[in-house]
Amino acid sequence: MSKHTNTSESNTSHLQLNLQTALSQPTRQAPQYIHTVQTPIYRASTIIFKDTDALNNRHWSDDYDYSYGTHGTPTTYNLADQIAHIEGAKYCLLAPSGLSAINLVNSALLNTGDEVWIPDNIYSPNHDHLVALQQKYGVVLKFYSPTDVDSIQFSAQSKLLWIEVAGSITLEFPDLATLIKKAKAHGVMTALDNTWGAGLAFQPFAINHSQNKDEKLAVDISVHALTKYPSGGGDILMGSICTLDKQLHLELLRMHALQGIAVSGDDCAQVSRSLSHMALRYQQHHQNTLQLIRFLQSRAEFAQVLHPSIESHAGHQHWKEICTTGLGAGIVSVIFKAEYQLEQIQQFCNALQLFHLGFSWGGPTSLVMYYDLKAIRKLPTPHLQDGWLVTCR
Ligand SMILES: *Cc1c(COP(=O)(O)O)cnc(C)c1O
């Protein structure tokens, strides 16, 4: 027998097995010394315990207690570690989509009567989930203006503050430092949707603020739609929830386990593989967007071009202060002059040859989507012109 003959073969080789049983026994285990460039892919629902001690001593909060596919495998934990590293967090949970990650935060933290504050430019499915929690469980939903921290009046019931940097579609850049300070002063948890920054434009757990250059601020939770830049392919859905605080992580992990949230090893391996060039892609998206902005600004059809790097943009100063990298993601929105009607906006979208009509962003294909701002926003938006909005991303 060769010295490479593995144990499972020698354990079963003396048995008279029928063909199907024989083919269900793996013949090889990876030896310790095999190192590959990419993470090995573990696919698992069942994970086989070494013995009864391993079964009985496992603990739900221990990453290294591999016990079942929903709990995780080395492939999924590898990706979670990478995302925590990018975001400057200590802990990371994975979910099957960005929206699923958002929903986990909402359902783990909010109880009946708790107030949750959301910006008026929030990613709209997050808003819709909170409306459902309001209707079913009596969570109280409050809106604030992303350009005005004073529009938040916390009460004793305030539990969670959602922040988006930059906000969805209209890309206002909020006063992130003041929002975090205000929430902390009232004992309110902060959850950032960090999909736009992707952990590259700024560090959500080490945020600059002008009052004190040495002090860094941190959100409590950073949620990231890995579907966008980390995947980079327009073909994988996934989300993450990052934290610094162990107790908070365990609270989220408990709900994660109870809800049976799990991700596929194949998908995790694909995202891990894309992470090595994510920063390069992000920078290129940013550069391309700056070029596109110059073109859009030269066109008479548009009443307004929206991007945090534009000096007149709502929150431009905050962007400069917080994104010391000078980076912003690859999204720019335009508001058409009010004289353009819906039919013309649709003609515009249909006539584009390289920008396709579709949701999501951060992939290899340029996309557009059109929106009626009046139908989405609840609060006044004096900083925005009237007219149909088209995002390019
Ligand atoms: C896309 C997106 C999400 C949701 O991610 P999915 O994986 O598509 O569910 C959440 N927040 C923001 C800001 C997004 O752009």
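The rules behind each value
- Residues numbered from 1 in each chain as written.
- Predicted model: local features only at pLDDT ≥ 70, side-chain atom pairs only at ≥ 80, totals over all residues.
- Heavy atoms only, no water.
- Buried < 20%, exposed > 50% of the residue type's maximum accessible area, 1.4 Å probe, protein only.
- Helix = DSSP H or I, 4+ residues; strand = E, 2+ residues; numbered from the N terminus.
- Pairing = 2+ DSSP bridges.
- Right-handed = clockwise from strand over helix to strand, strands pointing away.
- Near = heavy atom within 4 Å.
- Polar contact = N/O pair within 3.5 Å; in protein donor to acceptor, adjacent residues only side chain to side chain.
- Areas by Shrake-Rupley, 256 points an atom, 1.4 Å probe, with all protein chains shown as cover.
- 1 Å grid on protein atoms, 1.4 Å probe; cavity = no way out; pocket = protein on both sides within 12 Å on 5 of 7 lines; lining within 4 Å.
- Sits in = over half its atoms within 2 Å of the grid points.
- Axes fitted to C-alpha atoms, helices over the stretch in contact; angles between N-to-C directions.
- Contact = heavy atoms within 4.5 Å.
- Parallel < 35°, antiparallel > 145°, perpendicular 65-115°, else oblique.
- Phe/Tyr/Trp six-rings, centres within 6.5 Å; stacked < 30°, edge-to-face > 60°.
- Lys NZ or Arg CZ within 6 Å of the ring centre and 35° of its normal.

Enquirer: Lay out the pairing of strand 4 (residues 158-164) with the relevant residues and their values.
Expert: Counting buried positions over the 7 residues of strand 4 gives 6, a clear majority of the element. With 5 bridges connecting them, strand 4 and strand 5 (residues 189-193) associate as parallel partners. Considered in strand 5, the bridge of Leu161 is made with Thr190. Read as a crossover between parallel neighbours, the route from strand 4 over helix 7 (residues 176-185) to strand 5 is right-handed.

Enquirer: Pulling in residues and values, what's your account of the site of the ligand?
Expert: Not every one of the 14 residues close to the ligand is listed here, only the nearest: Gly98, Leu99, Asp193, Thr227 and Lys228. Within the side chain of Thr227, one N or O atom sits 2.5 Å away from an oxygen atom of the ligand. Lys228 is positioned such that a nitrogen or oxygen atom in its side chain is 2.7 Å from an oxygen atom of the ligand. For the ligand, whose accessible area on its own is 380 Å², the fraction buried by protein is 88%. Cavity membership is defined here by more than half of the atoms lying within 2 Å of grid points; on that basis the ligand lies in the second largest pocket. By residue number, the principal contributor to the shell around the ligand is helix 5 (residues 98-109), which donates 3 residues.

Enquirer: Can you tell me about the sheet that holds strand 1 (residues 91-95), naming the residues and giving the values?
Expert: Two modes of strand pairing occur in sheets, parallel and antiparallel, and in both the strands are linked by backbone hydrogen bonds. Spatial ordering of the open sheet is given by 1-7-6-5-4-2-3, a layout of 7 strands whose pairing is mixed. Unpaired on one side and paired on the other, strand 1 and strand 3 (140-144) mark the two borders of the sheet. Neighbour to neighbour, the strand axes of the sheet diverge by 20° on average, direction disregarded. Across 5 bridges, the pairing between strand 2 (residues 115-119) and strand 3 is parallel. From the neighbouring strand, Ile118 faces strand 3, where its bridge partner is Phe143. Across the sheet, helix 6 (residues 124-137) is in contact with strand 2, strand 3 and strand 4; its angle to strand 3 comes to roughly 145°.

Enquirer: Quick one: what's the story with the packing of helix 5 against helix 8 (residues 246-258), residue by residue and with numbers?
Expert: If you want to describe how two helices pack, look at the angle between their axes and the distance between the axes. It is the contact of helix 5 with helix 8, at a shortest axis distance of 9 Å, that shows an interaxial angle of 105°. Our classification of the angle between helix 5 and helix 8 gives roughly perpendicular. Contacts between helix 5 and helix 8 pair Leu104, Val105, Ser107, Ala108 and Leu109 from the former with Leu248, Glu251, Leu252, Met255 and His256 from the latter.

Enquirer: Tell me what's going on with the packing of aromatic side chains, and back it up with residues and numbers.
Expert: Tallying each qualifying case throughout the model produces 10 aromatic pairs. Measuring from ring centre to ring centre gives 5.8 Å for Phe173 and Trp196, while their planes differ by 75°; the resulting arrangement is edge-to-face. Note that Phe173 is positioned in the loop between strand 4 and helix 7 and Trp196 in the loop between strand 5 and strand 6 (221-225), a separation of 23 residues in sequence. Residue Phe173 is classed as buried on the basis of its relative accessible area, which comes to 2%. Measuring from ring centre to ring centre gives 5.7 Å for Phe336 and Tyr340, while their planes differ by 75°; the resulting arrangement is edge-to-face. Tyr340 gets classed as partly exposed once you look at its relative accessible area, which sits at 22%. The rings of Phe302, Phe336, Tyr340 and Phe348 are connected pair by pair, giving a single aromatic cluster. One Lys or Arg, Arg254, reaches over the ring of Trp60 and ends 4.6 Å from the middle of that ring.

By themselves, these figures tell us nothing about what the structure is for.
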